[in-house]
Amino acid sequence: MSNCQETLVTAAFLTNVTTTEPNSQLNPKLSNDSDNTLTANEIHFPYLPHTEANRLEMLAKIGVSSFEELIKHIPAHLRAKPLSLPRTMSELELVIAITKLAKKNKPASAQSCFLGGGSYRRFVPAIVPAIVSRSEFATSYTPYQAEASQGNLQSIYEFQTAICVLTNMDVANASLYDGPTACAEAALMAIRATGRQKIVISEGSNPECVAVVSTYIKSGGFKLEKLPLAKGASITPTVDDQTAAVIIQYPNYFGIVEDLKSIQTTVHAAGALLIVVSDPISLGYLSPPGDFGADIVVGDAQPCGNWLSFGGPSAGFMACRQEFIRQLPGRIVGATVDSHGRRAYTLTLQAREQHIRRSKATSNVCTNQALNALAMLVYLSALGPQGLKSIAYASMQKAHYLASELTKIPGVSLAFQTPFFSEFALVTPKPAKELLKLLTENGILGGLDLSQSAAKLENGILVTTTEMNTKDELDNYVAALKGLLGGK
């Protein structure tokens, strides 16, 4: 999900579009036609296979009477409004009209952005789109036939290698859908590996990770417990003989750098596994989870070479210790030699349901986000260890400068007096929702409202900085917030 607050122009004609206003500028002949609009029942969808009867049958099957009832849980202000299009338009006219509507979108890149919480506005070097847009990668299919897919398999193998180096773990898979689903798959992996039935997840984890893990665990009939926070960091977990794993985010959702060393001691003493969720950029500067004895490390590839893209797509990464490789879900590419002694790549250890394991498979995830994973690989290769460290350090320095300046404003303080990386929780004298709306009107995406987070900070804002935030942007944020709070 996106944190970018962009207004999406969706393909509303896929649902219940009405066309209400002719566009005389596009087709003057329509301006005097009093009957040139269509109702939902009059519209035909030549490019869609489903008839109205088909749609009603599907809705009835799932127990709702209409599309509106199906989406009633979505707040009205978040739904795209029906497009107002004239009855007759040429393709050129339609393209012009839709392009005009699309220009109403205001992406994060067009604003001063301090959003984070899992999705970040970071610089994407030109080499990334230059490589991932090549047809060999952009249009390639799943590499079932190893002999015909060597280039694609090599890129996946190199991605796995990069993830192992980044996290200091033994083995990685070819990627998963995104960070939250990778976290949930790690939880199931721990249950399989230990034979235990309970997962403990820190309340310092991204709410999206918590939600997805909760869905997976409860659907499987297992038990999930929340690990409370103290001063923004996870408390020492209570681990019993039914605990399969403890999930800790590092740095956590509030930017706090968790004490993995002491946590892993407690977790491992009870025979449980430690799952760490990491922002890959932070690992350019912070010690990797593998240094602290993590058993499984997961995260999201989005910050590395993948644009925000109005919320997607992305890829998840997963790495683990060698002893758990048989429980690692998804694809794994291995290196070997062919009959002539030449280096070759192949899919290996395929304990997947469509191959040999069926119901005993490690996962029903049948694909990976190979193109997004490739973008991460190209990004990491282009930057190298020193480049990644520089970006991580710049993000951290800017966050600490901004936090220092913002807390000089009367009534503004940090929610937690605990070391943080490049995100921090800010507490203000006024409700976060109100201030963020006013900041947006000033062209500043000021952060995320923390009133619904585990910390329940009614006046809390999660502020994030990246290498993209200039000194002027940081100072403008301070000036804008000061002005909104009545400062001079």
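On a predicted model such as this, the values are computed, not experimentally measured, just so you know.

Engineer: If you had to explain the pairing of strand 7 (residues 243–250) to someone new, which residues and values would you point to?
Structural biologist: Counting buried positions along strand 7 yields eight of eight residues, so the element is predominantly enclosed. Relative to strand 7, strand 3 (residues 198–202) runs parallel, the two being bridged by four bridges. Bridging from a neighbouring strand, Lys-198 pairs with Thr-243 of strand 7. In this sheet, strand 8 (residues 273–278) lies alongside strand 7 in parallel orientation, the contact comprising six bridges. Among the inter-strand pairings, Gln-249 is bridged to a residue of strand 8, identified as Val-277. Following the chain from strand 7 across helix 9 (residues 260–269) to the adjacent parallel strand 8, one finds a crossover that is right-handed.

Engineer: Tell me about the sheet that holds strand 3, residues and numbers included.
Structural biologist: Two modes of strand pairing occur in sheets, parallel and antiparallel, and in both the strands are linked by backbone hydrogen bonds. Sheet architecture is open: seven strands sit in the order 2-10-9-8-7-3-4, paired in mixed fashion. The two strands at the open ends of the sheet, each matched to only one other strand, are strand 2 (171–172) and strand 4 (223–227). Where strand 9 (residues 296–300) meets strand 10 (residues 316–320), five bridges bridge the pair, whose relative direction is antiparallel. Bridged to Gly-299 within strand 10 is Phe-317. Docked against the sheet, helix 6 (residues 150–167) engages strand 2, strand 9 and strand 10, running at close to 65° with respect to strand 10.

Engineer: Before we move on, could you go through helix 9 and cite the residues and values that matter?
Structural biologist: Residues spaced three or four apart along an α-helix face the same direction, because each turn holds 3.6 residues. All of the buried residues in helix 9 are Leu-260, Ile-263, Gln-264 and Val-267. Buried positions in helix 9, seen along its axis, are confined to an arc of 95° and lie on one side of it. Facing away from the buried surface of helix 9 by more than 90 degrees, the exposed residues are Lys-261 and Ala-269. Of the surrounding elements, those touching the buried residues of helix 9 are strand 6 (233–234), strand 7 and strand 8. Looking one or two places after helix 9, you find Gly-271, whose phi comes out positive at around 80°.

How each quantity is defined
- Residues numbered from 1 in each chain as written.
- Predicted model: local features only at pLDDT ≥ 70, side-chain atom pairs only at ≥ 80, totals over all residues.
- Heavy atoms only, no water.
- Buried < 20%, exposed > 50% of the residue type's maximum accessible area, 1.4 Å probe, protein only.
- Helix = DSSP H or I, 4+ residues; strand = E, 2+ residues; numbered from the N terminus.
- Pairing = 2+ DSSP bridges.
- Right-handed = clockwise from strand over helix to strand, strands pointing away.
- Contact = heavy atoms within 4.5 Å.
- Axes fitted to C-alpha atoms, helices over the stretch in contact; angles between N-to-C directions.
- Arc of directions from axis to C-beta.

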